[in-house]
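Summary of structural features
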Amino acid sequence: MPVTSMTGFARWEGVTGATRVVWELRSVNGEGFDLRLRLPPGFEALEPELKRRVSGFTRGNVQGALQITTENEAPELVVNEALLARIVAIAGDLVSRGHATPPTADGLLALRGVIEPRGATAAADWRQHPSEAIISGFEVAAERLLEARQEEGAAIGAVLLSRLGEIDALIERAEADPSRTPGAIAARLRGQVEMLLSADAELDPARLAQEAALIATRADIREEIDRLRAHVEAARALLAAGGPVGRRLDFLSQEFHRESNTICSKSNAASLTVVGLELKLVVDQFREQVQNVE
């Protein structure tokens, strides 16, 4: 199963007689899976059934919009006068009691259900038998959305693998950095000890040597390098397995970030610091892409 993105778009359009039905589905990032539908007045009862028909999604916020229009009919808007009268009466009562300001015409007309397209009246014929066509069209749109997310996920997976290759190369550079050779470490520590002894002759050379060895041990990045390699292997295995791996990849990206920070803090040479900073940059790019993975 390929890696899937949480973002995508799909559209389905069908015509029966003089009526055109259009479904549009949009998906964006989300912690969990949330489906929200915008249906024409009179079709709200279909929402539970539509939600039951959705499968294959585990994360992402999906918004679906259903449009029903009648062909060869001039666009016309219809005011729901009964609803408008009730809203005006409620608003008038609130204004008289000082709880609100007088409503404006544009504010009233913007309320959902007050003004509707003429097609909504023609759509009344679709509230019985054609409802199944609306549901099947929604299922097709949902399948197309899933395919779109999978296509984008494949592209994201390729980018993530490229970033892992860059992280791997930077790990090799960190391990091979000249500042990490025993000779370079010994020379640097010897110079520091000699400088301290020349500044204060009362310092115990043996104790200084012990402290220097302890500092050298704390500055070693062997464990960070080993953990980074393990994280790279784990990330590649997740990408190869596919499916909903976004949360686990996000956890690994946090671990990448922690280890790269530690390398920078332990660095005792400019060359190693440069590698650490480059590593942090690539890790940030990796994590940015991971945010889109389901």
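Every chain is numbered independently, its residues counted from 1 as its sequence is written. Totals for whole chains, interfaces and linings use all residues, but because this is a predicted model, local features are given only for residues with pLDDT of at least 70 and pairs of side-chain atoms are given and counted only at 80 or more. Hydrogen atoms and water are omitted, and side-chain values are computed over all heavy atoms in the structure.

Here we take up the pairing of strand β2 (residues 19-28). Along any regular strand the residues' side chains alternate between the sheet's two faces. Summarising burial for β2: seven of the ten residues are buried, a large majority. Examined bridge by bridge, strand β1 (residues 8-16) and β2 share nine bridges and lie antiparallel to one another. Bridged to G14 within β2 is V21. In this antiparallel pair of consecutive strands, β1 and β2, the connection spans two residues, and G17 shows a positive phi of 65°. Between any two strands, pairing holds if DSSP finds at least two bridges. Each helix is a run of H or I in the DSSP string that is no shorter than four residues. Each strand is a run of E no shorter than two, and both are numbered from the N terminus. Summarising the sheet, β2 and strand β4 (residues 60-70) pair through ten bridges and their orientation is antiparallel. By the bridge assignment for β4, T19 is matched with T70. Remark: exposure states derive from per-residue accessible area (1.4 Å probe, protein chains only) relative to the maximum for the residue type, with buried under 20%, exposed over 50%, and partly exposed in between.

Another point: a nonpolar patch on the surface. Residues qualify for a patch when their relative accessible area is over 30% and they have no salt bridge, like charges being joined within 9 Å and the nonpolar side chains of Val, Leu, Ile, Met, Phe, Trp and Tyr within 5 Å. Each accessible area is a Shrake-Rupley result for a 1.4 Å probe, and residues are judged covered by the shown protein chains and nothing else. Here, a salt bridge means any Lys or Arg side-chain nitrogen found within 4 Å of an Asp or Glu carboxyl oxygen. On the surface, L77, V79, L109 and I115 cluster together into a nonpolar patch covering about 310 Å² of accessible area. In this fold, I115 is placed in strand β6 (residues 115-117).

The strand order across the open sheet built from four strands is β1-β2-β4-β3, with neighbouring strands paired in mixed fashion. Strands at the two margins of the open sheet, each flanked by one partner only, are β1 and β3 (33-38). Within this sheet the neighbouring strands show an average axis-to-axis angle of 15°, counted without direction. Taken together, the six bridges between β3 and β4 define a ladder with parallel strand orientation. The partner of L37 across the bridge, within β4, is G64. Relative to the sheet, helix α5 (residues 131-176) contacts β1, β2, β3 and β4, its axis offset from that of β1 by approximately 155°. Lines fitted to the C-alpha atoms define the axes, with helices restricted to the stretch that makes contact. Angles between their N-to-C directions range from 0 to 180 degrees. When checking whether two residues touch, look at their non-hydrogen atoms; a contact exists if any pair is within 4.5 Å.

All right, on to helix α10 (residues 270-290) then. One full turn of an α-helix is made of 3.6 residues, so residues set three or four places apart face in the same direction. One less than the residue count of a helix, multiplied by 1.5 Å, gives the span that helix is expected to have. In this model, α10 (21 residues) spans 30 Å end to end at C-alpha, consistent with the 30 Å of a helix rising 1.5 Å per residue. Among the residues making up α10, those that are buried are L272, V275, G276, L279, V282, V283, F286 and V290. For α10, the buried positions fall inside an angular range of 130° around the axis, keeping them on one side. Exposed positions of α10 whose direction lies more than 90 degrees from the buried face are A270, L281 and E288. Packed against the buried residues of α10 are α5, α8 (222-241) and α9 (246-266). What the arc covers is the set of directions going from the helix axis to the C-beta atoms.

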